[in-house]
Each structure stands twice: as C-alpha cells, then as structure tokens.
Amino acid sequence: MIGTKGTPLMRNATMFILAIALLVVVACSSENDVAPTQAAPEPTADIPATVRAQVQATTRALEVTEPEATPEPTVDRTELIAFANLHSGIETRWEAFHADIDAWRQGLVACDLTVRNQSVSVFASRFAAVTEAARDLPREELVRSMADQIIEAAEREVAAFRVLNETAGINATVTLADGSSVSAQEFVEIERVAAAGIRLAGEAALADLIKGASDDSRAAVNRFALDVSRIDAGWGKFITDYEAFRASQSGLDPAAIADALNTLVSQFLEVSADVQALSSASPTGEVATQLGAAARATELALRTLRDAAVDVGANADTGTNPTPTPTADTGMDPAPEPPDDAGADVEVPRTPDFIAFETQLVAGNGDRSAAAALLSSIVTGASAETDLSVAAFNTAYQAVATSWDRFHQDYDGWRASNGGCDVTSALERLGEFVVDFGGIAADVRSVPRATVFRTLGELLIEAAEREAQAVTGLRAAWQPFEATVYEQFDLSRNAANKLRRQVSSGLEELLAQNGISQADLTR
C-alpha cells in the first residue's frame, strides 16, 4: 500500500516552515498597529492568506510517500504442481509398502510366540489322550506285565510334554536328576527315548506271546515240556539213588564208596547230556539255560566228590595214592602221568566232602524249581485257551500304538518345520522389503528442493531415512518367537509417519495459497 504520512524528518521540516510563516504574520500585524493615523491607509494584500497558501504549497512539495513492502518470493505454479505430483506418487508407493509389510506380519502367525505355545498345549492334550487309552488296556494276568510297561512308557512321555507346556517358552530350562540343566524341548526328547525303550520291551513280550499262541509254537513248547519232564524224572531218580547211597555209606569200605559214587556219576551224566540237548530257541530258551547251568554245577561237584573217594579207596588198598584209570562209562578224567620222584613223600589223599556236594545239590534243585515255574507260564501262554486273551490285548494295543505313532509323526514334523515358521523364507522376504523401501527412499532424495520447497523436502527425506533404517534394523534383529522384535520398528515408523503428515499439511496449505486445486494436479 501507498502511505499518506511523511517520515519524521519531513514532518519536522514542515513544522519549522509553518512556525516562520506565523512569525511573519505577527510582524505584519504589529506594523499596522503603529502606523500614523493621519494618512489614509492604502489597500494591502491579504498576507495571511498568502502565507497559508505558501505553507500548503511547501507542505505539498515536501510531502513524500512510504516505500512499498518487499513482496514474498513468487511460487512458480508449474513447479509447485510438479512437486505435488511427485509427493503424491511417493505417498502412494509408501502406503503400498506399509500394506505389504503389514500383511506379511499378519500372515506370519506360525512365528508368533503365543501361537507356538498354543500348539504345544494342543500336543500335550493329544498325548494325554494316548496315555488314557494305554491305561484302558486289558490287564489279565497273562498280559498284565506288558500293559504295565506300556502304561509306564506313556506316563513318562506325557509328563515331559506337560513340562514343555507349563514352561511356555523356548528358552525355558529343566533341571535333571544329576543337577544339569537342559531346555524344555531337549527334556522332552530325553524322556521320549527312555519311554521308547520301555515300550519296546513290552512289545517284545507281546510278540513272544503272539508267537507262542501259534500251532507250531504250541507243539514245540509241548515237546520241550515233555523233554524237561523226562529230565526231571531222571534227575529225581538220581537224587533218590544218592540218598540211598548216603543211608548205607556207613557200612561201606572206601573202595565200595568209590564204586558207588562212580556209578552215580555215570547216572547223572545221562541226565546232564539230556539237559544240554534241550532247544535254546524262544520262548523256552531261558528254561534251557537255567537247567543247563544247574546240571553243570551239580556234575562238577559230583565229580569232585567221586575223585576224592577214589583216592581214599586206592590208598586203603595199596598204601599209596594211585589214581584209577578212567573208563568210557565212568566219565572220569584221565589220570596224570606219575611224577619222576615216585619214591618221594606221598601226598595225603583228599577226604570226600559230602557237605559241599549236597549244598550244590540243594542249589540245583532250586534252579530246577525256578525253571519249572517259568516253563509252566510258557506252557500256559501257549495253550489254546490264551489265544483270545492275547488277541484281545494285541487289538487294543495296536489302536494305542497307532495313535502314539501318529502323534510322534505330527510332533516331529512340527519340530522339523520350527513350528511351521519358515525362518529362511521370512529373512528373505525382509531382505526384499529392505530393497523395496530403498527405492522409495532414493526417490524421496531426488525430489526438487527449490527455496519454497526446501523445508518440505527436508522433512520428507528425514522421514524416509528413519523408516529405511527401521526396515534394515528389523531385517538384522528379526528372529522367530520373539514378542518384542517389532517394537523398535513400529516406533521409528510412527515417527516417520508424523513427519510425513507435516509435509502433507504444509503442501496443502501452499497449494491453497496459490489457488491450485486437486483438479489442477490431475491434469
């Protein structure tokens, strides 16, 4: 605007001129007052009016105007529209980037810690159902021990899964009996191995029962039982004959005692030979092993007793210590070669130790009784009457085993896939996000930064730099099942969004001041 008032200096000059003019008027008035009254006054000019006119003219001459205010820099509409269109394109890509990364995060549920813990809870519940089915297995006397083994294995494993569920964290640790610590998942694997060993033992026993229930197996068991019965009869007769010998021993001389014991050795060798001929095949192999050990120990003790008695009898006849020559039917050991110093002092003959032999005889009878009890259970298990019981248990167990194995397959597959979280794929996708936003940031850095756009451009660049660093940092720090992995990323992104809103608001105001509408931007 043009001002109507002068500067202070000009106003002072005007006032000074007005003051001089007023003094002139006063002086003129004084001269008129003292003029002679005798002469008639001559007409004079209107001095005050003249002064006033001169003052007004001087004032107008001295009057100046204030200079115009310096106008703001003008905005080139074309540049402003170009900047606005570039900003709009960048914002569209920026929002699309946000939509992509948000959709990726929402789809990455398998890598979420809460979802993982929910999956563990489901597995624990599933195996609890397997354990309940194991507890419902038939428990007849014949199959009870197998049922107990299966139940023990299932309970051990379900306890491990319960611990894994209750810890609710992949970094949780469990303290073992030896004081060492392992992760909850490692603890599950340890208990699974132990449970598998117990389960296999039960399955092996069941397989023996199933095999024993077949016709061929029953026939083999029955033949074995007949052989053992014949051996038992021969063993019993030997004991009876030995007891008769002991009852008459006091009336026998040393040579007769030696002959009687030699006869008993021959008798027991027949029993021992029959024992060694028993089949060692399953399921009667353990019975054959027990009887064989008892027969060998008894035979050795009997031979020792016989040899001592022979030495005593020979010494009584000759006064020396000859050793009888063995015969094919006595089973005696070969005699040693006589020493070169046969004329030297003769060794005192051994005294027969009947107590030691009879102690072994009692022990052997105990082994025979244990073998007989074991054989009885095998025979019972191989009988036709047990077929239905074994078949019923096997059917029930197979249902449990199927659920058990399917559970292991599902759990192992879940573990192998890291709970369904594909870490490699996630990191690759994050790398793609880093590249994608790097392109947006590069475009932001290239926007025009004329004087009028400089502030807006710098704010937009700062926003892009912040989010670019946030995306790169997320790629470097990301890991599955970590609840706080997105916290820093979200904070930086929110700060960048605030700067973006400031840019958008400033640009809208600038467009409005220059009369640019949305329609102008889309032409």
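The rules we used
Throughout, a residue's number is its position along its own chain's written sequence, starting from 1. Restriction of local features to residues with pLDDT of at least 70 applies here, the model being predicted, together with a cutoff of 80 or more for giving and counting side-chain atom pairs; totals for whole chains, interfaces and linings are based on all residues. Only hydrogens and water are set aside; all other atoms, that is, all heavy atoms of the structure, feed into the side-chain values. Take the buried residues of types Ala, Val, Leu, Ile, Met, Phe, Trp, Tyr and Cys, join any two whose side-chain atoms come within 4.5 Å, and each joined set is a nonpolar core. Here the term buried applies to any residue with accessible area under 20% of the maximum for its type, exposed to any over 50%, and partly exposed to those in between, with areas from a 1.4 Å probe on protein chains only. Secondary structure follows DSSP: runs of H or I at least 4 residues long count as helices, runs of E at least 2 residues long count as strands, and numbering of each begins at the N terminus. The contact criterion used throughout is that any non-hydrogen atoms of two residues lie within 4.5 Å. A 3.5 Å cut-off defines polar contacts: any pair of N or O atoms within that distance qualifies, except that in protein one atom must be a possible hydrogen donor and the other a possible acceptor, and neighbouring residues in sequence count only when both atoms are side-chain atoms. For helices, the fitted axis covers only the stretch in contact; all axes are lines through C-alpha atoms, and the angles between them, taken along N-to-C directions, range from 0 to 180 degrees. Here is the rule for angles: anything less than 35 degrees is roughly parallel, anything more than 145 is roughly antiparallel, 65 through 115 is roughly perpendicular, and the remaining ranges are oblique. Less than a right angle of anticlockwise turn of the near helix away from the far helix marks a crossing as left-handed, whereas a clockwise turn marks it as right-handed. Ten residue types, Ala, Val, Leu, Ile, Met, Phe, Trp, Tyr, Cys and Pro, are classed as nonpolar, four, Asp, Glu, Lys and Arg, as charged, and the remainder, Gly among them, as polar. The span one expects for a helix is its residue count, reduced by one, times 1.5 Å. The criterion for a disulfide is a pair of cysteine sulfur atoms lying within 2.5 Å. Pairing of aromatic side chains requires ring centres within 6.5 Å, counting the rings of Phe and Tyr and the six-membered ring of Trp. Pairs whose planes differ by under 30 degrees are stacked, by over 60 edge-to-face, and all others tilted.

Asker: Residue-level account of the nonpolar core, with values.
Answerer: A general feature of soluble globular proteins is that nonpolar side chains tend to end up buried together. Counting 44 residues, the largest nonpolar core has W94, W104, V444, L474 and W478 as the members making the most contacts within it. When residues of this core are traced back to their parent elements, those giving at least two are helix 3 (77–107), helix 12 (423–445), helix 13 (454–477) and helix 14 (487–513). With residues near it in sequence (within four places) discarded, W478 still touches W104, L108, C111, C421, V423, A426, L427, L430, V485 and Y486. A153, V158, A184 and A195 belong to the second largest nonpolar core, which has 36 residues in total.

Asker: I'd like a rundown of unusual backbone geometry, residues and numbers included.
Answerer: Of note, N418 is a non-glycine position whose phi angle comes to about 60°, a positive value. The residue N418 is located in the loop between helix 11 (387–416) and helix 12 in this model. Given the relative accessible area of 31%, N418 is considered partly exposed. Although it is not a glycine, F481 adopts a positive phi angle of roughly 60°. Structurally, F481 can be placed in the loop between helix 13 and helix 14.

Asker: Could you give an account of the side chain of E299, naming the residues involved and the relevant values?
Answerer: Within the secondary structure, E299 sits in helix 9 (residues 285–318). Residue classification places E299 among the buried positions, given a relative accessible area of 16%. At 3.0 Å, the side chain of E299 forms a polar contact with the side chain of S272. Those residues within four positions of E299 in sequence are excluded, and the remaining contacts are F268, L269 and S272.

Asker: Tell me what's going on with the packing of helix 3 against helix 13, and back it up with residues and numbers.
Answerer: Helix 13 packs onto helix 3 with a crossing angle of 20° between their chain directions and a minimal axis gap of 13 Å. Taken together, the axis directions place helix 3 and helix 13 in an arrangement best described as roughly parallel. Handedness of the helix 3/helix 13 crossing: left-handed. Facing helix 3, whose interface residues are F83, H87, E91, W94, F97, H98 and I101, helix 13 presents L456, G457, L460, A463, A464, E467, V471 and L474. Looking at side-chain class alone, the contact of helix 3 with helix 13 contains ten nonpolar, three polar and two charged residues.

Asker: Provide a residue-level description of helix 4 (residues 113–135), including the pertinent values.
Answerer: The first and last C-alpha atoms of helix 4 sit 33 Å apart over 23 residues, in line with the 33 Å expected at 1.5 Å per residue. Burial in helix 4 covers these residues: R116, N117, V120, F123, A124, F127, V130, T131 and A134.

Asker: Break down the state of the cysteines for me, with residues and values.
Answerer: Per the stated rule, a full pass over the model turns up one disulfide. Residue C111 pairs covalently with C421 via a disulfide, S to S 1.8 Å. Residues C111 and C421 share a disulfide whose torsion about the S-S bond is about 95°; that sign makes it right-handed. In this pair, C111 is assigned in the loop between helix 3 and helix 4 and C421 in the loop between helix 11 and helix 12, connecting sequence segments 310 residues apart. We classify C111 as buried; its relative accessible area is 10%. Given a relative accessible area of 3%, C421 falls into the buried group.

Asker: Before we move on, could you go through the packing of aromatic side chains and cite the residues and values that matter?
Answerer: The final tally for this structure, using the stated rule, is 19 aromatic pairs. Ring geometry for F123 against W414: centres 5.4 Å apart, planes inclined by 55°, an arrangement best described as tilted. Separated by 291 residues along the polypeptide, F123 in helix 4 and W414 in helix 11 bring together distant segments of the chain. A relative accessible area of 11% places W414 in the buried class. Ring plane angle 55° and centroid distance 4.9 Å describe the contact between F238 and F268, whose orientation is recorded as tilted. Note that F238 is positioned in helix 7 (residues 215–248) and F268 in helix 8 (residues 254–276), a separation of 30 residues in sequence. For the pair F238 and F268, one class covers both residues: buried.

Asker: Describe in detail the packing of helix 4 against helix 11, supporting the description with residues and values.
Answerer: Running from amino to carboxyl end, helix 4 crosses helix 11 at an angle of 165°, the nearest separation of the two axes being 9 Å. Overall, the two elements helix 4 and helix 11 adopt an arrangement that is roughly antiparallel. Judged by the twist between their axes, the crossing of helix 4 over helix 11 is left-handed. Two secondary-structure elements touch here, helix 4 through R116, S119, V120, F123, R126, F127, V130, A133 and A134 and helix 11 through V400, S403, W404, R406, F407, D410, Y411 and W414. Broken down by class, the residue content of the contact of helix 4 with helix 11 amounts to eleven nonpolar, two polar and four charged.

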